[in-house]
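Residue-level structure breakdown
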Amino acid sequence: MTVHLEVADAVGTIRLDRPPMNALDVATQDRIKELAQEATARDDIRAVVVRGSEKVFAAGADIKEMQAMDHAAMVVRARALQDSFTAVARIPKPVIAAVSGYALGGGCELALCADIRIAADNAKLGQPEILLGLIPGAGGTQRLARLVGPSKAKDLIFTGRHVRADEALTIGLVDQVVPADEVFTAAHAYAAKLAQGPSIALRAAKESVDAGLETDLETGLTIERNWFAGLFATADRETGMRSFVEEGPGKATFA
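Residues numbered from 1 in each chain as written. Predicted model: local features only at pLDDT ≥ 70, side-chain atom pairs only at ≥ 80, totals over all residues. Heavy atoms only, no water.

Let us now look at helix 8 (residues 183–195). Given 3.6 residues per turn, any residue in an α-helix points the same way as the ones three and four places further on. Spanning 13 residues, helix 8 covers 18 Å between terminal C-alpha atoms, matching the ideal 18 Å at 1.5 Å per step. Val183, Phe184, Ala186, Ala187, Ala191, Ala192 and Ala195 are the residues of helix 8 that are buried. Those residues of helix 8 that are buried are in contact with strand 2 (11–16), strand 3 (47–51), strand 5 (95–99), strand 7 (116–120) and strand 10 (176–178). (Helix = DSSP H or I, 4+ residues; strand = E, 2+ residues; numbered from the N terminus. Expected span 1.5 Å × (residues − 1). Buried < 20%, exposed > 50% of the residue type's maximum accessible area, 1.4 Å probe, protein only. Contact = heavy atoms within 4.5 Å.)

A few words on the side chain of Gln29. Among the secondary structure elements, Gln29 is positioned in helix 1 (residues 26–41). The exposure class of Gln29 is buried, given its relative accessible area of 6%. Of the polar contacts made by the side chain of Gln29, one reaches the side chain of Arg77; its length is 3.0 Å. In contact with Gln29, other than residues within four places in its own chain, are Leu24, Arg77, Leu81 and Ser84. (Polar contact = N/O pair within 3.5 Å; in protein donor to acceptor, adjacent residues only side chain to side chain.)

Put simply, the largest pocket is a space of about 1,100 Å³. Take the lining of the largest pocket: its biggest share by element is 9 residues, from helix 9 (residues 199–213). Each pocket or cavity is described by its volume, and for the second largest pocket that value is around 640 Å³. In terms of lining, the second largest pocket is formed by 30 residues, of which the most central are Ala61, Met66, Glu129, Leu134 and Ile135. (1 Å grid on protein atoms, 1.4 Å probe; cavity = no way out; pocket = protein on both sides within 12 Å on 5 of 7 lines; lining within 4 Å. Points joined across faces, edges and corners; volume = space filled by probe spheres on them.)

Let us look at the sheet that holds strand 9 (residues 162–164). Spatial ordering of the open sheet is given by 4-6-8-9, a layout of 4 strands whose pairing is mixed. Of all the strands in the sheet, the pair left with one neighbour each is strand 4 (56–58) and strand 9. Across this sheet, the average inter-strand angle for adjacent strands is 20 degrees, counted without regard to direction. Inspection of the sheet shows strand 8 (residues 124–126) paired to strand 9 by 3 bridges, in the antiparallel sense. When the sheet's bridge partners are listed, Leu125 is paired in strand 9 with Val163. (Pairing = 2+ DSSP bridges. Axes fitted to C-alpha atoms, helices over the stretch in contact; angles between N-to-C directions.)

Laid out in structure tokens, this is it:
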């Protein structure tokens, strides 16, 4: 298998394993979707980390495989490609990308599907599809623009240039930069802390932010209001408020 799902501390780690560059061929794309759906369904997984190897997160699509596809083949495949990454974005649990080495093309687009991106100081991210006479096709024109703004996204997409970790942090493409030998530990620790939180409230927070970004403010406020009120029917809300009253803030233990 080119992608694995490993579970520890209620954290499911989706690990790309297609040496040497974790090129995202069709089989790998389909496997990512399969494991994202498994992580969604499993109750023993409360947060997710997406990672590659120490040297490369994912260096993009398998260009040799893609070169053999004609227009008709890509019309069919393009939706499946997007769906495989969207399955990661729609995991209703916190998703942390641990980005080490190269995250280019589809690799960058996969990282964009996470809620939080922790990058190694050796990371290089980019959307170089323009150098192949293409544009990003796995969400890059949409998720990148929503994350860093349209002007900066166009700069990266028009030029195809690589962004080092420090610049990625400055423009908001990643959220934290750590030494390369600490990136996987840092991502797992972040995810494990979130895994101890109230799972339904975390889902509500994620869906409220994500859905709200796709609509107008009034509709977004309605989404937020409905989730907020609905959480009053959960055991986690009872636990959190009881703990706050009896023990003070931040001491609740959620099931």
